[in-house]
Amino acid sequence: MAKTTALQRMKKSLKIDEHKLDKFLAYYHENTALSKDDQLMLEKYRKAWSFLSLGRTYEMALAMLMKDYQIQERQARYIIAEAAMIFGHVQTIDKQAKKMASANYYRLLSNIARASGDIEAASRAWERADKLEGLHEDDKIGLNPDDFLRAAKFVFTDNINVLIQQQKRADDE
């Protein structure tokens, strides 16, 4: 429910026709057919999103769309905004991609240092790569099943003095 209202607010703020992108989402989720014009538009969306996901700036993506498809800047801005609605925002993906690129860079430095005989620098670079990938962090564990196997002791009584004594013990602890 919250996602749909957020999506609707986003569509209204971008002034995007609500039903315009539904056919593209249906193409991905339900394998519906697209017309030739819609396929061309989907190609524009894919190109814009892939260009941004490769790390290019927003302005570079605008210039590329304007040049490749001979469109105005306003149309290119709409294509980028609509591509973000279809495929997701690049900024959330970008952080993980940069983390992996940095880890791979440290691994490359480690291999170069090892080839040159500097084992200490190679191990430091490899440890940094492991740290970026989160290899040394503890796995998050949910509920412990052993906690549910212990039998609980329940005592039922209608004596109010027992309740008062238990409350005193809890306060003392």
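Scroll up to find the structure.
Residues numbered from 1 in each chain as written. Predicted model: local features only at pLDDT ≥ 70, side-chain atom pairs only at ≥ 80, totals over all residues. Heavy atoms only, no water.

Undergrad: Can you break down the overall build of the protein chain residue by residue, with the values?
TA: The secondary structure content of the protein chain amounts to nine helices and zero strands. Secondary structure elements of the protein chain occur, N-terminal to C-terminal, as α-α-α-α-α-α-α-α-α. Taken across its 173 residues, the protein chain has 23% of its residues classed as buried. Restricting to contacts in the protein chain with at least 6 residues of sequence separation, those with at least 24 account for 46%. (Helix = DSSP H or I, 4+ residues; strand = E, 2+ residues; numbered from the N terminus. Buried < 20%, exposed > 50% of the residue type's maximum accessible area, 1.4 Å probe, protein only. Contact = heavy atoms within 4.5 Å.)

Undergrad: How would you explain the environment of K23 if you had to name every residue and give the values?
TA: Among the secondary structure elements, K23 is positioned in helix α2 (residues 22-30). With 15 residues separating them along the chain, K23 and D38 place their C-alpha atoms 8.6 Å apart. Not counting residues within four places of it along the chain, the set of residues in contact with K23 comprises T32, L34 and D38.

Undergrad: Describe the pattern of salt bridges, naming the residues involved and giving the relevant values.
TA: All told, the structure shown has six salt bridges when counted by the stated rule. With its nearest N and O atoms 2.5 Å apart, the salt bridge here joins R77 to E73. Linking R77 with E73, this pair stays in helix α5 (residues 73-87), spanning four residues, or about one helical turn. The partly exposed category is assigned to E73, whose relative accessible area is 38%. (Salt bridge = Lys/Arg side-chain N within 4 Å of Asp/Glu carboxyl O.)

Undergrad: Can you explain the side chain of D130? Please cite residues and give values.
TA: With respect to the helices and strands, the residue D130 is situated in helix α7 (residues 119-133). D130 has contacts with R107, L135 and H136, leaving out every residue within four places of it along the chain.

Undergrad: I'd love a proper account of unusual backbone geometry, names of residues and values included.
TA: The phi dihedral of N31 is positive, around 55 degrees, even though this residue is not glycine. Within the secondary structure layout, N31 lies in the loop between α2 and α3 (36-53). Despite not being glycine, Q70 shows a phi value in the positive range, around 50 degrees. You can see Q70 is positioned in the loop between α4 (58-69) and α5. Among the residues examined, Q70 registers a relative accessible area of 66% and is labelled exposed.

Undergrad: Got a sec to walk through a nonpolar patch on the surface? Specific residues and values, please.
TA: Side chains of Y105, L108, L109 and I112 sit close together on the surface and give an oily, nonpolar patch of about 380 Å² of accessible area. With respect to the secondary-structure elements, L109 resides in helix α6 (residues 90-116). (Patch = residues over 30% accessible without salt bridge, like charges linked within 9 Å, V, L, I, M, F, W, Y side chains within 5 Å. Areas by Shrake-Rupley, 256 points an atom, 1.4 Å probe, with all protein chains shown as cover.)

Undergrad: Describe in detail the packing of α3 against α4, supporting the description with residues and values.
TA: At a minimum axis distance of 9 Å, the contact between α3 and α4 shows a crossing angle of 150 degrees. Taken together, the axes of α3 and α4 lie roughly antiparallel to each other. When you trace α3 past α4, the crossing you get is right-handed. Residues E43, K44, K47, A48, F51 and L52 of α3 lie in contact with α4, whose contacting residues are Y58, M60, A61, M64, L65, D68 and Y69. Grouping the constituent residues of the contact of α3 with α4 by class yields nine nonpolar, no polar and four charged. (Axes fitted to C-alpha atoms, helices over the stretch in contact; angles between N-to-C directions. Parallel < 35°, antiparallel > 145°, perpendicular 65-115°, else oblique. Left-handed = near helix turned anticlockwise from the far one by under 90°. Nonpolar A, V, L, I, M, F, W, Y, C, P; charged D, E, K, R; others polar.)

Undergrad: Give me the lowdown on the environment of A76, citing residues and values where you can.
TA: Inspection of the secondary structure assignment puts A76 in helix α5. For A76, a relative accessible area of 0% gives the class buried. Residues A76 and L62, spaced 14 residues apart in sequence, show a C-alpha to C-alpha distance of 5.7 Å. Residues in contact with A76, not counting those within four places in the same chain, are L62, L65, M66 and I71.

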